[in-house]
Amino acid sequence: MAKKKHEKQPSKPLRRTSPAKTRVASADESKEMLSEWWQDNGKYFIAGALIGIAVIGGWKGWDYYTETQAKQAAIEYRDMLSYLAIEDNEEAEQIFNAIREQYTATVYPVFASFTMAKFKVEQGQLEEAADDLRWITEHSPYDELKSLAWVRLARILLELDKKEEAYEIVLSYSFPRGVEELAAEIRGDYLVKEGEYGQAQSAYQSALSTSMVDDYNFIMMKVEQIGGKLGPPES
């Protein structure tokens, strides 16, 4: 669960460059990097999805109506994925809206919102993707998935140059292990934009752990761009 620390509310991989110079990515490169960030961190979405599925499977007390709702929602969600695969955006959007309106007793509105947000990021529709993630933070009953939505929202806000709002999200909440590392990486990206390279390096170091060892090289490239050096991942 993303718990507030205080009461205030709040792709291409990077190429190696000379430590003495920091290259600013173009708008197109930035969108590609954001899309790849989603892809690279898919394991966290999958983990959250499995949590949601486990919750569904464990609710032995559901009545027949609720079980029927979940089965129908699963069918609708599958159809939405099919339309997204062929980029029939209009049909996918209609099903998406129906899932969120009609199947609120299931986890599928949250799944659908994550999926639609990812699709919109890939299409360069960042404002729309941010809206879908905000919906999750406001409506999801699953704390783990809500935490992931906050972090992905912060990433998009950073790309939209809404830096302060993005930074406050990742600074103001205490995220669970796995999601916290993603938040630390975003803090690092924000600090780079502000020219605070020393603090950024510390944030990037915090973004590493044994659970994210596969991301070491990617984060190392970010650190090399600002002339820094990473230590080994934390245990």
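Above this text is the structure in question.
Note that the structure is predicted; figures quoted are calculated from it, not measured.

### What about the environment of phenylalanine 114?
Next up, step 1: Inspection of the secondary structure puts phenylalanine 114 in helix α5 (residues 108-122).
Next up, step 2: Phenylalanine 114 gets classed as buried once you look at its relative accessible area, which sits at 1%.
Next up, step 3: On a C-alpha basis, the gap between phenylalanine 114 and alanine 149 in space is 7.7 Å, while along the polypeptide they are 35 residues apart.

### Thoughts on the environment of serine 140
Next up, step 1: Tracing the sequence through the fold places serine 140 in the loop between α6 (126-139) and α7 (143-159).
Next up, step 2: Through-space distance from the C-alpha of serine 140 to that of valine 110 is 6.4 Å; in sequence the pair is 30 residues apart.
Next up, step 3: Apart from residues no more than four positions distant in its own chain, serine 140 is found in contact with Val110, Trp135, Leu145 and Lys146.
Next up, step 4: For serine 140, the side chain forms a polar contact with the main-chain nitrogen of tyrosine 142, separated by 3.1 Å.

### Brief notes about the packing of α5 against α7
Next up, step 1: Two elements in contact, α5 and α7, have axes separated by 12 Å at closest approach and are oriented at 15°. As judged from the angle between their axes, α5 and α7 are roughly parallel. Seen along the crossing, α5 lies across α7 with a hand that is left-handed. Where α5 approaches α7, its residues Val110, Phe111, Phe114 and Val121 are matched on the opposing element by Leu145, Leu148, Ala149, Arg152 and Ile156.
Next up, step 2: Looking at the contact of α5 with α7, its residues break down into eight nonpolar, no polar and one charged.

### Re the packing of aromatic side chains
The description of an aromatic ring pair rests on the distance of the ring centres and on the angle between the ring planes.
Next up, step 1: On inspection of all chains with the given rule, the structure shows six aromatic pairs.
Next up, step 2: The interplanar angle of 50° and the centroid separation of 5.8 Å between the aromatic rings of tyrosine 77 and tyrosine 108 together place this pair among those described as tilted. Residue tyrosine 77 is located in helix α3 (residues 64-85), and its partner tyrosine 108 is located in helix α5; the two are separated by 31 residues in the primary sequence.
Next up, step 3: Take tyrosine 108: its relative accessible area is 16%, and that puts it in the buried class.
Next up, step 4: Ring centres 4.0 Å apart and planes at 15° place the aromatic pair tyrosine 167 and tyrosine 190 in the stacked group. Of this pair, tyrosine 167 sits in helix α8 (residues 163-172) while tyrosine 190 is found in helix α9 (residues 179-193), placing the two residues 23 residues apart along the sequence.
Next up, step 5: Owing to a relative accessible area of 18%, tyrosine 167 belongs among the buried residues under this scheme.
Next up, step 6: A network of ring pairs unites the aromatic residues Tyr77, Tyr108 and Phe111 as a single cluster.

### Some words on the nonpolar core
Next up, step 1: Among the nonpolar cores identified, the biggest contains 61 residues, and Met80, Ile99, Phe114, Leu133, Phe175, Tyr204 and Leu230 are the most heavily contacted of them.
Next up, step 2: At ten residues, the largest contribution of residues to this core is made by α7.
Next up, step 3: Those residues in contact with methionine 80, other than ones at most four positions away along the chain, are Ala92, Ile95, Phe96, Ile99, Ala112, Thr115 and Met116.

### Remarks on the packing of helix α4 (residues 89-102) against α5
Next up, step 1: The interhelical angle for the contact between α4 and α5, taken along N-to-C directions, is 150°, at an axis separation of 9 Å. It follows from the interaxial angle that α4 and α5 lie roughly antiparallel. Where α4 crosses over α5, the handedness of that crossing is left-handed. Contacts between α4 and α5 pair Asn89, Ala92, Glu93, Phe96, Ile99 and Arg100 from the former with Tyr108, Pro109, Ala112, Ser113, Met116, Phe119 and Lys120 from the latter.
Next up, step 2: Grouping the constituent residues of the contact of α4 with α5 by class yields eight nonpolar, two polar and three charged.

Conventions used here
Residues numbered from 1 in each chain as written. Predicted model: local features only at pLDDT ≥ 70, side-chain atom pairs only at ≥ 80, totals over all residues. Heavy atoms only, no water. Helix = DSSP H or I, 4+ residues; strand = E, 2+ residues; numbered from the N terminus. Buried < 20%, exposed > 50% of the residue type's maximum accessible area, 1.4 Å probe, protein only. Contact = heavy atoms within 4.5 Å. Polar contact = N/O pair within 3.5 Å; in protein donor to acceptor, adjacent residues only side chain to side chain. Axes fitted to C-alpha atoms, helices over the stretch in contact; angles between N-to-C directions. Parallel < 35°, antiparallel > 145°, perpendicular 65-115°, else oblique. Left-handed = near helix turned anticlockwise from the far one by under 90°. Nonpolar A, V, L, I, M, F, W, Y, C, P; charged D, E, K, R; others polar. Phe/Tyr/Trp six-rings, centres within 6.5 Å; stacked < 30°, edge-to-face > 60°. Core = buried A, V, L, I, M, F, W, Y, C linked by side-chain atoms within 4.5 Å.

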